[in-house]
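# Notes for the structure review
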Amino acid sequence: MTMQTSTAGAAATSAGTGAGAALRIAGLVKDYGPVHAVRGIDLEVRRGEVFGFLGPNGAGKTTTIRCVLDLLRPTAGSIEVLGLDPHADGVAVRSRVAYVPGELRLPERLTGAELVASIGRLRGGHDPRRRDELAARLDLDLGRRMRDLSSGNRRKVALLLAFLARADLLVLDEPTNGLDPLMQHEFLRLVREARDEGTTVFLSSHVLSEVQRAADRVAVLRAGRIVALGTVDDLRGRARQRVEVWFADDPPASELAGVSGLDDMTIDDHRLTAVLSGPIQPLLAVLARHRVASLLVEEPDLEETFLDLYAEAS
């Protein structure tokens, strides 16, 4: 699969046939009066994968999630969650989905333990050993009341509830807001463990670095439309890389000028510097015909690529 800048329809084609889809969205539109928050999304998330839903604040990520969970009614389009209609089969869907919203509102007077027990009763009970394990991994004191917790610790409570549920589908909206780097690392470990146990994880974020470390596939959203869809490696493959080559002889300037994706070239004596977009193989084919003293290719700048996707779609 290649990473595509695309219309929503092309993105749907990239998603595959949809067999075994945990989430299927077709033609989703959500308007708030004259404001077009979501402008026709087609998307399929496969069962048992971590799917990254990337985009800046205001791109339509949270609106899409709220439509998926039947917290908002779409203006147009259809949604299927775990083979069910989230509106007609709301109770069945909610019993199989765990959701961490971007904006948390937790009951101020309850302690973490009381909230876990309350949610556990709604879900038919929970494993206290698993609760304690998660609390330890998240460095969370369940004896404190919500009103006394920092925003980061409130986020930990919500994450504990989500992973404790052992749901078929985890929907996580900006889940690491307020977490320190160590807790972000632990969170990503929990995501990978959930996937390995067969859980589907829908991870919405504006932070590329956290998504690229956990996601199997990624959709990039801009202004309510999917502008790219593929694997993290697909995204990496279209990233721009800085290249430096030192030649034992004079650089083959004319051959280098014909290399696809090689831009901003500077040749100074026996040294070439350039920026490479796309696959490196055409450049290597040219270099193989000449005496190369040294080669440096920097790690792709994925953050820059992420921004390029928005520029291309403007």
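Refer to the preceding data block for the structure.
Residues numbered from 1 in each chain as written. Predicted model: local features only at pLDDT ≥ 70, side-chain atom pairs only at ≥ 80, totals over all residues. Heavy atoms only, no water.

### Things to note about the sheet that holds strand β3 (residues 35-46)
Each strand in a sheet pairs with its neighbour through backbone hydrogen bonds, running either in the same direction (parallel) or in the opposite one (antiparallel). Heads up, the condition is: We treat two strands as partners when DSSP finds at least two bridges between them. Strands are runs of DSSP state E lasting at least two residues, helices are runs of H or I lasting at least four, and both sets are numbered from the N terminus onward. Helix axes are fitted only over the stretch in contact, all axes being lines through C-alpha atoms; the angle between N-to-C directions runs from 0 to 180 degrees. Contacts are assigned to residue pairs with any non-hydrogen atoms lying within 4.5 Å of each other.
Strands sit in the order β3-β2-β5 across an open sheet of three strands; the sheet is antiparallel. Either end of the sheet is taken by a strand with one partner, and the two such strands are β3 and β5 (76-81). Between one strand axis and the next, the sheet turns by 15° as a mean value, whatever way the strands run. When strand β2 (residues 21-32) meets β3, the two strands line up antiparallel, connected through nine bridges. Within β3, the residue paired with Asp 31 across the bridge is His 36. Lying on the sheet, helix α2 (residues 61-68) is in contact with β2, β3 and β5; it crosses β2 at an angle near 115°.

### Examining the layout of surface pockets
Filter applied, for reference: Only protein atoms enter the 1 Å grid used here, on which a cavity is any set of points holding a 1.4 Å probe that cannot leave and a pocket is any open set flanked by protein within 12 Å on both sides along at least five of seven lines; residues with an atom within 4 Å of a point are listed as lining. Grid points are joined across faces, edges and corners, and a volume is the space filled by probe spheres set on the points. Residues are sorted three ways: Asp, Glu, Lys and Arg are charged, Ala, Val, Leu, Ile, Met, Phe, Trp, Tyr, Cys and Pro are nonpolar, and all the rest, Gly among them, are polar.
In this model, the largest pocket occupies a volume close to 750 Å³. Val 97, Ala 98, Tyr 99, Ile 119 and Arg 123 are, among the 23 residues lining the largest pocket, the residues nearest its centre. Elements supplying a minimum of two residues to the lining of the largest pocket: α3 (90-94), β6 (97-100), α4 (112-122) and α6 (151-164). If one sorts the elements of the lining of the largest pocket by residue count, β6 sits on top with four residues. Its residues placed into classes, the lining of the largest pocket shows 19 nonpolar, one polar and three charged. Approximately 350 Å³ is the volume found for the second largest pocket. Looking at the lining of the second largest pocket, the elements that each hand over two or more residues are β3 and α2. Of the residues forming the lining of the second largest pocket, the biggest block, four residues, is contributed by α2. When its residues are assigned to classes, the lining of the second largest pocket shows five nonpolar, 10 polar and five charged.

### Describing helix α7 (residues 181-196)
Note the following rule: What a helix is expected to span follows from its residue count: subtract one and scale by 1.5 Å. Here the term buried applies to any residue with accessible area under 20% of the maximum for its type, exposed to any over 50%, and partly exposed to those in between, with areas from a 1.4 Å probe on protein chains only. By the criterion applied in these results, polar contacts are pairs of N or O atoms within 3.5 Å in which, for protein atoms, one can donate a hydrogen and the other can accept it, and in which residues neighboring in sequence qualify only through two side-chain atoms.
Its 16 residues give α7 an end-to-end C-alpha distance of 23 Å, which sits within 8% of 22 Å, the value for a rise of 1.5 Å per residue. Buried within α7 we find Met 183, Glu 186, Phe 187, Leu 188, Leu 190, Val 191 and Ala 194. The inward-facing, buried residues of α7 contact β4 (50-54), α5 (128-137), α6, β7 (169-173), β8 (200-205) and α8 (208-212). Measuring from the backbone nitrogen of Leu 182 back to the side-chain oxygen at the start of α7 gives 3.0 Å, which picks out Asp 180 as the cap.

### Description of α6
If you check α6, its first and last C-alpha atoms are 20 Å apart, about what 14 residues at 1.5 Å a residue would give, namely 20 Å. Among the 14 residues in α6, 13 count as buried, and that is most of the element. Backbone geometry just downstream of α6 places Arg 166 in the positive-phi region, at approximately 50°.

### Structural notes on the pairing of β7
Counting buried positions over the five residues of β7 gives five, a clear majority of the element. Here β7 shows no split at all, with Leu 169, Val 171 and Asp 173 on one side and Leu 170 and Leu 172 on the other all buried. Bridging between β6 and β7 involves four bridges; their strand directions are parallel. Its bridge partner lying in β7, Ala 98 is registered against Leu 170.

### Regarding the pattern of salt bridges
Condition: Criterion for a salt bridge: a side-chain nitrogen of Lys or Arg within 4 Å of a carboxyl oxygen of Asp or Glu.
Counted by the stated rule, this structure contains 25 salt bridges. Here Glu 49 ties to Arg 217 by a salt bridge, and the two come within 2.8 Å at their closest N and O atoms. Residue Glu 49 is found in the loop between β3 and β4, and its partner Arg 217 is found in strand β9 (residues 217-222); the two are separated by 168 residues along the sequence. Relative accessible area serves as the criterion here: at 6%, Glu 49 is assigned to the buried category. On the accessibility criterion, Arg 217 (2% relative accessible area) is buried. The partner of Arg 137 in a salt bridge is Glu 186, with the nearest N and O atoms 2.6 Å apart. Here Arg 137 is found in helix α5, whereas its partner Glu 186 is found in helix α7, with 49 residues between them in sequence. One salt-bridge network, held together by shared partners, links Arg 130, Glu 133, Arg 137, Glu 186, Arg 189 and Glu 193.

Just distances and angles here, no functional claims.
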